Amino acid sequence: MSLEKKEIMNLLDKYDKDEITIATLGSHTSLHILNGAKEEGFKTAVVCEKGREIPYKRFNVADEYILVDKFSDIVNTDIQKRLQELNSIIIPHGSFVAYAGLDEIENDFTVPMYGNRNILRWEAERDLERKLLVEENIRIPKKYDKPENIDRSVMVKFPGARGGRGYFVASSYDEFDHKINDMKSRGWIEDEDIEKAHIEEYVAGCNYCIHYFYSPLNDEVELMGMDSRYESSIDGVVRIPAKDQLDINFEPSYLITGNHPVVMRESLLTQVFEIGDRLVRSANKLVAPGLNGPFCMQTLVNDELEVIVFEISARIDGGTNSFMDGSPYSYLRYGSGMSMGRRIALEIKAAIEKGELNKIIT
Ligand code: ADP
């Protein structure tokens, strides 16, 4: 049974609006979500796996610690009840979605949630994600339906291969075939995985993950910051001379281990705002009420200065940790100290003041 918005709104109606708690799962971006909430005067709560609470205590970001045996217990009825007693608004982030699970979030998790809970599936499933991007003609890597059609360097991705383990690059059908057979013989993939292989143009470019915030309260897309990814083992292996890389017959993975703050050349910002506006428009059409709050476009910029989007997050993205004290872009808009977490709190505060929480909560 899918959750009715009315059910959540009834719960929200009962909340004491002067005593709202901003709550999230203790992982991913929770440090600056909670810190930002405190800066804007909210109470804060963190749901955390026992033994993982140390950073939150050391940085003193939470008023309330709800310790659970495992992160996925956040969906347990007693934990939901506790969160509701605290008048909690949950901020969803990547780890929250992974541990709570999409089905649970869509059907059973009744704690009022910031943002559009129904859009989370659209970033998680490649076909839906693609629809969102194609709807408003956002430039994405060309997709190949058949390996026989490979006519340039491509990246081959497998479903569920989080962190790009087992992704590979090929430049022809023969090379694709050779690498697939090699992976099969190592037992890394089965025949059914080959069917599901996603083949897309390999974009030789620099990585920029662009963090936006869309406020439905004032209908504006804000550029909040940018990061680039520090991925293991690919970013480590480039420290080995090329001839040694060949010698060790190395299979790279793209597991994110950290983020660098980054800025783009200024002339690209027109494209940055344009694609942000487009994604907001297409989300509005395809999954009403659309994007609401933070979102991210993971891009590669090639030497023709095209900003090419290879993935999106329809909620706060981990790269926002690179600007917990503000970014050059949030500085231009807000002055110093505006993290994404604080921006979320500011939005919730504005919605409470205007009596418009229903516009930003699902
Ligand atoms: P995951 O979601 O498993 O982390 P991604 O799709 O984000 O995987 O890809 C992981 C990494 O692979 C990216 O950060 C980027 O470095 C690289 N990558 C992904 N798609 C492309 C592409 N089309 N061209 C070049 N590099 C890519």
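Predicted, not measured: the structure shown is a model, and the values here were computed from it. (Residues numbered from 1 in each chain as written. Predicted model: local features only at pLDDT ≥ 70, side-chain atom pairs only at ≥ 80, totals over all residues. Heavy atoms only, no water.)

### Brief notes about helix α13 (residues 269–286)
Working step 1: Taking 1.5 Å of rise per residue, the 18 residues of α13 would be expected to cover 26 Å, and the 26 Å separating its terminal C-alpha atoms lies within 8% of that figure.
Working step 2: Those residues of α13 not exposed but buried are Leu269, Val272, Ile275, Gly276, Leu279, Val280, Ser282 and Ala283.
Working step 3: In this fold, the buried residues of α13 make contact with α8 (126–135), β9 (206–215), β10 (220–233), β12 (293–301), β13 (307–313) and α14 (328–334). (Helix = DSSP H or I, 4+ residues; strand = E, 2+ residues; numbered from the N terminus. Expected span 1.5 Å × (residues − 1). Buried < 20%, exposed > 50% of the residue type's maximum accessible area, 1.4 Å probe, protein only. Contact = heavy atoms within 4.5 Å.)

### Observations regarding the layout of surface pockets
Working step 1: Approximately 310 Å³ is the volume attributed to the second largest pocket.
Working step 2: Top element by residues in the lining of the second largest pocket is helix α9 (residues 173–185). It accounts for 4 residues.
Working step 3: Among the residues making up the lining of the second largest pocket, the classes are represented as 8 nonpolar, 3 polar and 5 charged.
Working step 4: Lining the lining of the second largest pocket are residues from two domains, each supplying at least three of them: domain 2 (124–138 + 204–354) and domain 3 (143–201). (1 Å grid on protein atoms, 1.4 Å probe; cavity = no way out; pocket = protein on both sides within 12 Å on 5 of 7 lines; lining within 4 Å. Points joined across faces, edges and corners; volume = space filled by probe spheres on them. Nonpolar A, V, L, I, M, F, W, Y, C, P; charged D, E, K, R; others polar. Domains from an automatic or database assignment.)

### Re the packing of helix α2 (residues 30–39) against helix α15 (residues 340–354)
Working step 1: At a minimum axis separation of 7 Å, α2 and α15 run at an interaxial angle of 45°. As judged from the angle between their axes, α2 and α15 are oblique. The handedness of the crossing between α2 and α15 is right-handed. Residues His32, Ile33, Gly36, Ala37 and Glu39 of α2 form the contact with α15, whose participating residues are Met340, Gly341, Arg342 and Ala345.
Working step 2: Among the residues forming the contact of α2 with α15, the class breakdown is 4 nonpolar, 3 polar and 2 charged. (Axes fitted to C-alpha atoms, helices over the stretch in contact; angles between N-to-C directions. Parallel < 35°, antiparallel > 145°, perpendicular 65-115°, else oblique. Left-handed = near helix turned anticlockwise from the far one by under 90°.)

### What about the domain arrangement of the protein?
Working step 1: In terms of domain boundaries, the protein breaks down into domain 1 (5–113), domain 2 (124–138 + 204–354) and domain 3 (143–201).
Working step 2: The gap between the C-alpha centroids of domain 2 and domain 3 is 26 Å.
Working step 3: Summed over both sides, the interface of domain 2 with domain 3 buries roughly 1000 Å², with 48% coming from carbon and sulfur.
Working step 4: Taken as a group, Arg126, Glu251 and Tyr254 account for 50% of the area that domain 2 buries against domain 3, more than any other trio of residues on that side.
Working step 5: For the interface between domain 2 and domain 3, the tally reads 0 salt bridges.
Working step 6: One can count 0 residue pairs in polar contact (both at pLDDT 80 or more) joining domain 2 with domain 3.
Working step 7: For the side of domain 2 that touches domain 3, the secondary structure elements donating two or more residues are α8 and β11 (254–261).
Working step 8: Partitioning the side of domain 2 that touches domain 3 into residue classes produces 4 nonpolar, 2 polar and 3 charged. (Buried area = accessible area lost by both parts, 1.4 Å probe. Salt bridge = Lys/Arg side-chain N within 4 Å of Asp/Glu carboxyl O. Polar contact = N/O pair within 3.5 Å; in protein donor to acceptor, adjacent residues only side chain to side chain.)

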